[in-house]
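# Understanding the architecture of this molecule
The residues making up each chain are set out below.
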Amino acid sequence: MKTAKLVYGGEEYDLPVFTGSENESAIDISKLREQTGAVAYDPGYGNVGSCRSAITFIDGDKGILRYRGYPIEQLARKACFSEVCHLLIHNHLPDEEEFGLWRRELTLNSFIHEDMLKFFEGFPTKSHPMAILAAMIASLSAYHPEEERGQTIEKNIIRLLAKVKTFAAFSYKKSVGEPFVYPLTRYSYAQNFLRMMFATPAEEYEPPKVLADALNMLLIIHADHEQNCSTSTVRMVGSSRANLFASVSAGVSALWGSLHGGANQAVIEMLERIIDDGGDCKAFVAKVKEKKSRARLMGFGHRVYKNYDPRARLLKKANDDVHRKLGIKDPLLDVALELEEIALNDEYFIERNLYPNVDFYSGILYRAMGIPTDMFTVMFAMGRMPGWIAHWKEQRDTPNSRIHRPRQIYTGTTERKFIPISKRPKSKKG
Ligand code: ACO
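A brief structural summary. (Residues numbered from 1 in each chain as written. Predicted model: local features only at pLDDT ≥ 70, side-chain atom pairs only at ≥ 80, totals over all residues. Heavy atoms only, no water.)

### With respect to empty space enclosed by the protein
The final tally for this structure, using the stated rule, is one cavity of 30 Å³ or more. Considering only enclosed or pocket space, the largest cavity measures out at about 40 Å³ in volume. If you go around the largest cavity, the residues you meet are Ser-82, Arg-103, Leu-106, Thr-107, Lys-165, Tyr-187, Ser-188, Tyr-189 and Asn-192. Elements with a contribution of two residues or more to the lining of the largest cavity: α4 (96-108) and α8 (189-198). Broken down by element, the lining of the largest cavity gets its largest block of residues, three residues, from α4. (1 Å grid on protein atoms, 1.4 Å probe; cavity = no way out; pocket = protein on both sides within 12 Å on 5 of 7 lines; lining within 4 Å. Points joined across faces, edges and corners; volume = space filled by probe spheres on them. Helix = DSSP H or I, 4+ residues; strand = E, 2+ residues; numbered from the N terminus.)

Given below as structure tokens:
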């Protein structure tokens, strides 16, 4: 067995080394504290593998992303989202019969318990749809508890995948004051979602093929991305044996932040601000480079990709197709293309390997579909659902998996004595 040698405190330790199926090396430090008394320190976990996983492979230097071995480019162009959900969760592409049943289940389970509609009445009209989504998903635990009434985990997986689009579309309908629209079995996942968003009792909505295809691709592109902030959150919560809905709801909350899934909304706000300020992209990039401005070029950079994010490449092309076929002229797309051109030729971005990430072009595509900006992160969550579920299930199915419990290096005050309030010196504050 290969080992790595650690010399610490005058002692030598042999740490086991193992490799993954794509030859990624890992030094096993799971016994480090036991053996040496010290812990490993890695804020932000950039160098730590928290699990073994057989779901998604990323090579950030080469710009490779594969789900269960299939390259993202092939899935995004040729597969449908429901098929990819099956692939991620069950580790194989379904045959025709399996797929028929799977797709039907995904539509039949889209309906939500009528009592849950009352939740929508209770939320303020201006609620952020991510707040609604996280709350509704957590509430599913109350309606479909895991072990009671013979409910199986598999059934709850279908329920979650199916109902998330209903929650998302209903939160939009609530915000515009229109009646809710339920899905139809004859439509795909993407077509149903667009129809649930835009059909009204007065007018049917037949989703244009180019938009349904683009949404299908968007959902596939977002479906999994190994140990990112939200997926690791799902695994962290799930490690305590919390149920599927509770764990995934935590993932939705983690996704919301502007450095993660919230970046797609932040990109659009940034592009709008640049236009409002006169459209000077060079001036904006110059400001981003001044550290004290604390501004970032949103939709650029990635912890793992130090090359062009393959998802951003697919989305750039999809934007081009949709805008051309539908004759849409979006000034935000022009600004995005100009920003990309400037950044990719600028030393600051070249030195730091900063390229467009998945969020740089996704928002512009959502705009072309008529989806409002504050729904963008919800769209990301809908896409990421099969990935979160697959990781939660993988962890649940791993024998003897341990609760996640990192260590810390304490830097606070050392022991001191309690002083009763009457004897305490006056606080120096203010
Ligand atoms: N604009 C300007 N500078 C940047 C950017 C950016 N978007 N991203 C990174 N940098 C700079 C940092 O200032 C830092 O510079 P320094 O070395 O001079 O201090 C260097 O590049 C490294 O950046 P880190 O923050 O250490 O990189 P990290 O891996 O921690 O962060 C992240 C990755 C959060 C994605 C970051 O690139 C970022 O904030 N991007 C903008 C937000 C965004 O688009 N998030 C979506 C990511 S994709 C996703 O979650 C789905």
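### What about the side chain of Ser-230?
The residue Ser-230 is located in helix α10 (residues 229-238) in this model. With relative accessibility at 0%, the residue Ser-230 sits in the buried group. Leaving out residues up to four positions away in the same chain, Ser-230 has contacts with Gly-251, Ala-254, Leu-255, His-260, Arg-384 and Trp-388. (Buried < 20%, exposed > 50% of the residue type's maximum accessible area, 1.4 Å probe, protein only. Contact = heavy atoms within 4.5 Å.)

### Some remarks on the site of the ligand
Within the structure, the ligand sits among 20 residues, and Lys-291, Arg-296, Leu-297, Arg-303 and Tyr-348 are positioned closest to it. Arg-296 places a side-chain nitrogen or oxygen 2.7 Å from an oxygen atom of the ligand. At 2.9 Å, a side-chain N or O of Asn-357 approaches an oxygen atom of the ligand. Summarising the interface, the protein chains cover 75% of the accessible area of the ligand, which totals 920 Å² for the free molecule. The residue inventory of the shell around the ligand, partitioned by class, reads 10 nonpolar, five polar and five charged. (Near = heavy atom within 4 Å. Polar contact = N/O pair within 3.5 Å; in protein donor to acceptor, adjacent residues only side chain to side chain. Areas by Shrake-Rupley, 256 points an atom, 1.4 Å probe, with all protein chains shown as cover. Nonpolar A, V, L, I, M, F, W, Y, C, P; charged D, E, K, R; others polar.)

### Some details on the pattern of salt bridges
Under the counting rule described, the total for this entry stands at 23 salt bridges. Where Asp-346 meets Lys-289, a salt bridge forms, and the shortest distance between an N and an O atom there is 2.8 Å. Here the residue Asp-346 occupies a position in the loop between α15 (331-344) and α16 (347-351), and Lys-289 occupies one in helix α13 (residues 281-289), the gap between them amounting to 57 residues. We classify Lys-289 as partly exposed; its relative accessible area is 32%. Among the charged side chains, a salt-bridge network with shared partners connects Lys-5, Glu-12 and Asp-14. (Salt bridge = Lys/Arg side-chain N within 4 Å of Asp/Glu carboxyl O.)

### Examining the sheet that holds strand β4 (residues 56-59)
One open sheet holds the three strands; their spatial order is β4-β5-β6, and the pairing between them is antiparallel. Because the sheet does not close on itself, it has two edges, and the strands there are β4 and β6 (70-71). Two elements, β4 and strand β5 (residues 64-67), share four bridges in a ladder whose sense is antiparallel. From the neighbouring strand, Thr-56 faces β5, where its bridge partner is Tyr-67. (Pairing = 2+ DSSP bridges.)

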